[in-house]
Amino acid sequence: MKTNDVIFQTVAKVVFFMIIFFAIHLFFAGHYYPGGGFVGGLLTAGAIVLLLLAFDIKTVQHGFPLDFKWLIGIGLLFSAGTATGSLIFNVPFFTHAYNYFHLPLFGKTSLHTAMLFDLGVYFVVIGVTMTIIQTIGESE
Amino acid sequence: MEILMCIVAGLLFAAAVYLMLSKSLLRIIIGTGLLSHGTHLMLLTMGGLKTGAAPVLGEHAAAYTDPIPQALILTAIVISFGVTAVFLVIAYRAYQELGTDNMEQLRGMETDD
Amino acid sequence: MSLLHWAILAPFIMAVFVPFLRKKAATIHTGWFVLILPVVLFGIFLQYLPVTMNNSSIIQTASWIPSLGINFTAYVDGLSLLFVLLITGIGALVVLYSIYYLSKTKESLHHFYVYLLMFMGAMLGVVLSDNVVTLYMFWEFTSISSFLLIAYWYNRDRSRYGAMKSMLITVFGGLMMLGGFLVLSIMGDTFSIRELAAQAPELNNHPLFLLAMILVLLGAFTKSAQFPFYIWLPDAMEAPTPVSAYLHSATMVKAGIYLVARFSPIFAFSGYWFWIVGAVGLFTMLWASFNAVKQTDLKGILAFSTVSQLGLIMSLLGVGAASLHFESLDDNIFTTAVIAAVFHLINHATFKGSLFMVVGIIDHETGTRDIRRLGGLMSLMPVTFTLSIIGAFSMAGLPPFNGFLSKEMFFLSMIQLMELNLFNVETWAVLFPVMAWIGSVFTFIYSMIIVFKVFTGKFQPEKLEKKPHEAPVGLLVSPSILAVLVAVFGLFPNLLSYSLIQPAAAAIVPSIIPPGEHLDVHISFWHGFSPELWMTIGVITVGILLYKFMPKWTGIYDYFPGKVTLNQFYNSGLYAAERGSNAITNAYMTGFIRSYLVYIFAFFIAALGFAIWAKDAFRYDASAAAPIGLYEVSLIFVLLAATITILLAKSRLTSIIALGAVGYTVSLFFVIFRAPDLALTQLVIETVSTALFLLCFYHLPKLSRHEEKRRFQAGNAIIAAGVGIIVTLIGISAHSSKLFASINEYYIENTYKKAGGENMVNVILVDFRGFDTLFEIAVLSVAALGIYGLIKLRLEKGGETNENE
């Protein structure tokens, strides 16, 4: 899948960051507005796929020098860890906690352990999607 | 509307089953994809359609649509993506190794011949 | 959990650490570590001896499944303590022996000792459990560990065959026994053996009594290798010799004896019990001793001899049941049988254990166990020879060894039967001593074969694989200890009388012993020229004569047809079962995915269609339905058009794009139906999966139709239509009949209050139903790793050929 289309590559780079930011926005919005770990993860993966299409696998691997299989593990660890963490506080498995804080500039902000769990989902989804697409792509 | 959607889901199911029963691997995979679409629509219909605003409290609506089927479907969508991916890879590996996508030839019972 | 429970579980716990010991301390034979455990346990249990000698018992209960009345109740009385001491005592000797028998470098010792420890724990559990359910659990554990130990050298065909056979037969018996236990627990409304025994008189009149008895006896007979189930024991001799000595002569096969003894208080009053246990035992004794003589493998002889001796003990327990019908203890002559059973049990463990170890030594030092190749080893292996003399003479019932004493008591019990006027015994009574006597003659002959065919006669070094010499001291220690016990128990039997035999016998027939009294178990060496002594003398004379002229009469074995043996029956039965199930399975497992899908969908249609029809479940009520809008209708048309395109598509590209169209339409539906999260996800997923389809595009086959026949297509269409209709009907009915209020109110109310979120769908996913999501991402990860494996493994393995394609 080699291409020398400069316009496409340049556009892809710009769009990539736009998608990434949108994905991260969706992820953080998840608790209040449509979005969340799944969509965020998928969109992020989609953005990377876009780069894959514009450049080739080797270039992208150079840009993202991480093994996506590790990302799956890290994500699972986050999610299961958040769920298990509640045991330390002597509450049932999977009990989430949240609180509101007043931060300068941001104003009233809430912090959720559910967010950590969702972060795990986010990582897993990116990891899974990228692992699948990368392995299929590499096998060509 | 719900009745109509039930019929649509039924049609999707019928088409999916028809595809799954055929001999060609790719058609079977496409069949499973259709089957999950049908299931999702059916699930959504079961929660009642257009009974209120989107299930986001920020809408400050008097009534919301049922969030539970939506949560279930969201899970199902992602899972069916995983399933489709596995199927696809199995199909393409099987085709690569065995050189056929005819399910009748993929029986793997050469000892019985 | 008390000390007793920990003692039962200790071997299992130890077994966990054995593999580590093997790794960390590779220079020391693993057996030395394992040896500690039975020795310690033996010491611990020895302390219970004073308790049981007073005919009292210890009960300790730990809850296991209290709601079902199933508790892990450990119960120590005379009977269980006797077995526990045998298990740990012989166990210690066997482990010691195995240290020298199994090479540290060549054998996978950790497997061996893990299985052996598992067996030891299971056996302790069997004899110490008061609850029938725990008893059953441990019972099956012994079967499994026996299976693993027989198949220890699993690369040998015979080992696997023997292991399978013992497993099938003993597990069959175990299941029957479980049935018996359940029937008993229904009859008595308890799982406790003690409580069942307390209700024995009522149980005796219960209509299910006989059924329960036969089922329990099946368990005992299969485990103790009684006729006709004995066939697994000779094949079990493929196990390493320490295992044969331990499991298949001293302990596991005695579990059946234990079961019969333990359930005697419940069943033994019945005449059936007397007849079944007595007759089966005696016949087994005769039949197996007769067959032992024609074996040429030393372990084969010992296997049949074990079967025969187990039959002897079993028959004594059966005959001993007659003692329950006597009023007073003083003139109760049948207590002799019970005492003899317990005494012979101990004796058998000692002399048979030592004989097995002797045979192991012979095998180890000469490389063969075939008596046709052995001979003249007396001068080469004098110690082994002495040990075998002691063991074999005791087995043959010769003085001054312990076997003589219990054999005499056995004869006495059988003779006494002629005086019995119960259970219509009169006419048959004379058969008992006759069969016992004939069996004993054959016992005498095979005992002589073991000693004299091996150690006297012509030395044939050319037929042996190794140059024979005396065994190392380590191998001789265990059999020597046992041989010394054989002699000591023979000369001073009353060492055992009141310490072990009396409490055990009392536990078998508790009802006849009035409070405060004891069974009289004084065993005397000499009691005049009684009939039983004459029987022994007869056995010796006839035995010597028959042994001398063996070639003259062994021809009678040819009269027994080889085709209709029990083994033949087992083999052909197994073969037929395998063939039959294979044929049935092949008939519907066609390997064609369509067939399986047809089964599934046909069942779906039939079951749900029938349910809708039979329950009259179809409802139609469109009053609550939302109005139909223009957008929706047009979307439906797009959706249907795309679906039809897929069905008719000739090229794969068309169908992939059409599938994408269906997906996008569905996401539009999500938009219309107020499901923004779904719409977002569906859109992205559809994009990614279409990309995936296209990625695989070049590898995927052309969309071929494979010339499906009209009938094939019509069948598919009918099934497809059926599924579609059923789904629609269910959907409409479900919509039209709301049986209960939706639970969504809870989520709408609590999303903000309890989870501090506003997007209900997301909150449900990450909070309320977090488990779903956790497992979902786990499934996704498995899928990704599976795909990775599918693709990557090939590249490493098949390499070139695949890459060139």
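Only a predicted model underlies this, so the values are computations on that prediction, with no experimental measurement involved.

Scoring rules and cut-offs
- Residues numbered from 1 in each chain as written.
- Chains lettered and ligands numbered in written order.
- Predicted model: local features only at pLDDT ≥ 70, side-chain atom pairs only at ≥ 80, totals over all residues.
- Heavy atoms only, no water.
- Helix = DSSP H or I, 4+ residues; strand = E, 2+ residues; numbered from the N terminus.
- Buried < 20%, exposed > 50% of the residue type's maximum accessible area, 1.4 Å probe, protein only.
- Contact = heavy atoms within 4.5 Å.
- Areas by Shrake-Rupley, 256 points an atom, 1.4 Å probe, with all protein chains shown as cover.
- Pairing = 2+ DSSP bridges.
- Salt bridge = Lys/Arg side-chain N within 4 Å of Asp/Glu carboxyl O.
- Polar contact = N/O pair within 3.5 Å; in protein donor to acceptor, adjacent residues only side chain to side chain.
- Nonpolar A, V, L, I, M, F, W, Y, C, P; charged D, E, K, R; others polar.
- Buried area = accessible area lost by both parts, 1.4 Å probe.
- Core = buried A, V, L, I, M, F, W, Y, C linked by side-chain atoms within 4.5 Å.
- Domains from an automatic or database assignment.
- Expected span 1.5 Å × (residues − 1).
- Arc of directions from axis to C-beta.
- Phe/Tyr/Trp six-rings, centres within 6.5 Å; stacked < 30°, edge-to-face > 60°.
- Patch = residues over 30% accessible without salt bridge, like charges linked within 9 Å, V, L, I, M, F, W, Y side chains within 5 Å.
- Axes fitted to C-alpha atoms, helices over the stretch in contact; angles between N-to-C directions.
- Parallel < 35°, antiparallel > 145°, perpendicular 65-115°, else oblique.

Our focus in this paragraph is the overall build of chain A. Scanning chain A from terminus to terminus reveals five helices and two strands. Listing every helix and strand of chain A by position from the N terminus yields α-α-α-α-β-β-α. Split into buried and exposed, the 140 residues of chain A put 45% on the buried side. Taking all contacts inside chain A whose residues are at least 6 apart in sequence as the whole, residues at least 24 apart take part in 65%. Carbon and sulfur atoms make up 74% of the accessible area of chain A, which amounts to about 7300 Å² in all.

Residue and element names in this part refer to chain C. For strand β1 (residues 58-65) and strand β2 (residues 70-76), the ladder comprises seven bridges, and the chain directions are antiparallel. Following the sheet pairing, Ser-63 is matched in β2 by Asn-71. Taken together, β1 and the strand that follows it, β2, pair antiparallel across an intervening segment of four residues, in which Gly-69 is found at a positive phi of about 75 degrees.

Attention now moves to the interface of chain A and chain C. Contact with chain A, which involves 42 residues of that partner, is made by 40 residues of chain C. One can count zero salt bridges joining chain A with chain C. One can count three residue pairs in polar contact (both at pLDDT 80 or more) joining chain A with chain C. For the side of chain A that touches chain C, the secondary structure elements donating two or more residues are α2 (37-54), α4 (68-88), β1 (98-103) and α5 (113-138) of chain A. Its residues assigned to classes, the side of chain A that touches chain C shows 25 nonpolar, 13 polar and four charged.

With that out of the way, let us pick up the interface of chain B and chain C. Between chain B and chain C, the contact holds 80 residues from the first and 101 residues from the second. Each partner contributes to the roughly 8300 Å² buried at the junction of chain B and chain C, and carbon and sulfur atoms together form 78% of this total. Scanning the region where chain B abuts chain C turns up zero salt bridges. Taken together, the links from chain B to chain C amount to four residue pairs in polar contact (both at pLDDT 80 or more). At the level of elements, α1 (2-20), α2 (25-46) and α3 (67-98) of chain B are the ones that each hand at least two residues to the side of chain B that touches chain C.

Of all hydrophobic cores here, the largest spans 223 residues; its most connected members are C:Phe45, C:Leu184, C:Phe263 and C:Phe267. Each of domain 1 (1-223 + 238-261) and domain 2 (268-512 + 519-573) of chain C gives at least three residues to this core. Not counting residues within four places of it along the chain, the set of residues in contact with C:Phe263 comprises C:Val132, C:Phe181, C:Leu184, C:Ile193, C:Val216, C:Ala268 and C:Trp273. Counting 105 residues, the second largest nonpolar core, distinct from the first, contains B:Leu41, B:Tyr92, C:Ala658 and C:Ala784.

Attention now goes to the domain arrangement of chain C. One can read the domain layout of chain C as domain 1 (1-223 + 238-261), domain 2 (268-512 + 519-573) and domain 3 (745-805). Centre-to-centre, using C-alpha coordinates, domain 1 of chain C lies 45 Å away from domain 3 of chain C.

What follows concerns helix α2 (residues 30-46) of chain C. Residues and elements named next belong to chain C. Here α2 is 17 residues long and its end C-alpha atoms lie 26 Å apart, about the 24 Å a rise of 1.5 Å per residue gives. Buried within α2 we find Thr-30, Gly-31, Val-34, Leu-35, Leu-37, Pro-38, Leu-41 and Phe-45. Across the axial projection of α2, the buried residues extend over an arc of 155 degrees, all falling on one side. Buried residues along α2 sit in contact with α1 (3-24), α3 (49-53), α4 (78-101) and α5 (109-128).

The next thing to look at is the environment of B:Ala76. With respect to the helices, strands and loops of the structure, B:Ala76 is situated in helix α3. For B:Ala76 and B:Lys50, which are 26 residues apart along the polypeptide, the C-alpha to C-alpha distance reads 21 Å.

Negative phi characterises most residues that are not glycine, and trans characterises most peptide bonds. All names here are of chain C. The residue after Phe-227, namely Pro-228, is reached through a cis peptide bond having omega 0 degrees. Within the secondary structure, Pro-228 sits in the loop between α10 (209-223) and α11 (232-235). Cis geometry marks the peptide bond from Pro-399 to Pro-400, where omega comes out at 5 degrees. With respect to the helices, strands and loops of the structure, Pro-400 is situated in the loop between α17 (382-396) and α18 (402-416). Residue Ala-225 is not a glycine yet carries a positive backbone phi of 55 degrees. Using a relative accessible area of 0% as the deciding quantity, one classes Ala-225 as buried. A positive phi is found at Asp-616, a non-glycine position, where the angle reads about 55 degrees. Looking at the secondary structure, you find Asp-616 in the loop between α25 (593-614) and α26 (630-648). For Asp-616, a relative accessible area of 54% corresponds to the exposed category.

Attention shifts here to the environment of C:Phe601. As for its position among the elements, C:Phe601 is in helix α25. Sequence-wise, C:Phe601 and C:Ala720 are 119 residues apart; in three dimensions their C-alpha atoms are separated by 8.4 Å. Ignoring anything within four residues of it in the chain, the contact list for C:Phe601 reads B:Val17, B:Met20, C:Ile719 and C:Val723.

In this section: the pattern of salt bridges. Once the charged atoms of two side chains with opposite charge are near each other, the side chains can pair. Residues and elements named next belong to chain C. Per the counting criterion, the structure on display carries 10 salt bridges over all chains. With a closest N to O distance of 3.0 Å, Arg-369 and Asp-297 form a salt bridge. Here Arg-369 is found in the loop between α16 (335-366) and α17, whereas its partner Asp-297 is found in the loop between α14 (271-292) and α15 (298-320), with 72 residues between them in sequence.

Count 3.6 residues to each turn of an α-helix, and residues three or four apart come out pointing the same way. The end-to-end C-alpha separation of α18(C) is 21 Å, in line with the 21 Å expected for 15 residues at 1.5 Å each. Among the 15 residues in α18(C), 14 count as buried, and that is most of the element.

Turning our attention to the packing of aromatic side chains. Residues and elements named next belong to chain C. Inspection of the entire model under this criterion finds 40 aromatic pairs over all chains. Ring geometry for Phe-72 versus Phe-138: centroids 5.8 Å apart, planes at 45 degrees, classification tilted. Linking Phe-72 in strand β2 with Phe-138 in helix α6 (residues 132-150), this pair joins segments that are 66 residues apart in sequence. Overall, the relative accessible area of 9% leaves Phe-72 in the buried class.

Another aspect to go through is the side chain of A:Thr82. The topology assignment puts A:Thr82 in helix α4. If sequence neighbours within four positions are ignored, A:Thr82 has contacts with A:Leu77, A:His96, A:Thr113, A:Leu116 and A:Phe117.

Bringing a nonpolar patch on the surface into the picture now. On the surface, C:Leu491, C:Phe492, C:Leu495, C:Phe525, C:Trp526, C:Phe529, C:Trp534 and C:Ile537 cluster together into a nonpolar patch covering about 900 Å² of accessible area. Mapped onto the elements of the fold, C:Phe492 is located in the loop between α20 (473-491) and α21 (494-508).

The subject of this paragraph is the packing of α4(C) against helix α13 (residues 254-267) of chain C. Residues and elements named next belong to chain C. At their nearest, the axes of α4 and α13 sit 11 Å apart, and the two run at 170 degrees to each other. Considering the angle they form, α4 stands roughly antiparallel to α13. From α4, Leu-79, Ser-80 and Phe-83 reach across to α13, where they touch Lys-254, Tyr-258, Ala-261 and Arg-262. Classifying every residue of the contact of α4 with α13 by side-chain character gives four nonpolar, one polar and two charged.

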